[in-house]
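Structural overview
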Amino acid sequence: LRGECDWNFQRKAAADAVGNLMGVKGVRNEITLTAIVEPCEVKACIEAALMRTAANDVQHIGVAVEGETVILSGNVHSFATIENAKFAAWCAPGVTLVVDNLKIASL
């Protein structure tokens, strides 16, 4: 597959759709992402996603961006918060990899 899109979910959906066709033995996904990852945009997405369920943890999540990779770090209070943060990071345009360095804080 070749081409461009803004979101990783679009890139993945194209590969999944083609990979499920009868007779297809493999898919090489060379679709590139055109959107630029902005650290402040990723942080804002995470804050919005967590505001209702884990407002206290938002300030403890560090977000670093290296190219198309988002690195999450810090100590939070639940696995649900970690999953929500990862999901929010994946929702930012241009993200191709999310590195989860979040840990559950000791009580």
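Residues numbered from 1 in each chain as written. Predicted model: local features only at pLDDT ≥ 70, side-chain atom pairs only at ≥ 80, totals over all residues. Heavy atoms only, no water.

The subject of this paragraph is the environment of Ala35. Tracing the chain through its elements places Ala35 in the loop between strand E2 (30-33) and helix H2 (39-50). Judged by its relative accessible area of 18%, Ala35 is buried. Sequence-wise, Ala35 and Asp6 are 29 residues apart; in three dimensions their C-alpha atoms are separated by 5.0 Å. For Ala35, the contacting residues outside a window of four places in its chain are Cys5, Asp6, Pro93 and Gly94. (Helix = DSSP H or I, 4+ residues; strand = E, 2+ residues; numbered from the N terminus. Buried < 20%, exposed > 50% of the residue type's maximum accessible area, 1.4 Å probe, protein only. Contact = heavy atoms within 4.5 Å.)

Okay, the pattern of salt bridges next. Tallying each qualifying case throughout the model produces five salt bridges. Between Asp16 and Lys12 there is a salt bridge, with its nearest N and O atoms 3.0 Å apart. Separated by four residues within a single helix, Asp16 and Lys12 lie in helix H1 (residues 8-19), roughly one turn from each other. The exposure class assigned to Asp16 is partly exposed, which follows from its relative accessible area of 37%. (Salt bridge = Lys/Arg side-chain N within 4 Å of Asp/Glu carboxyl O.)

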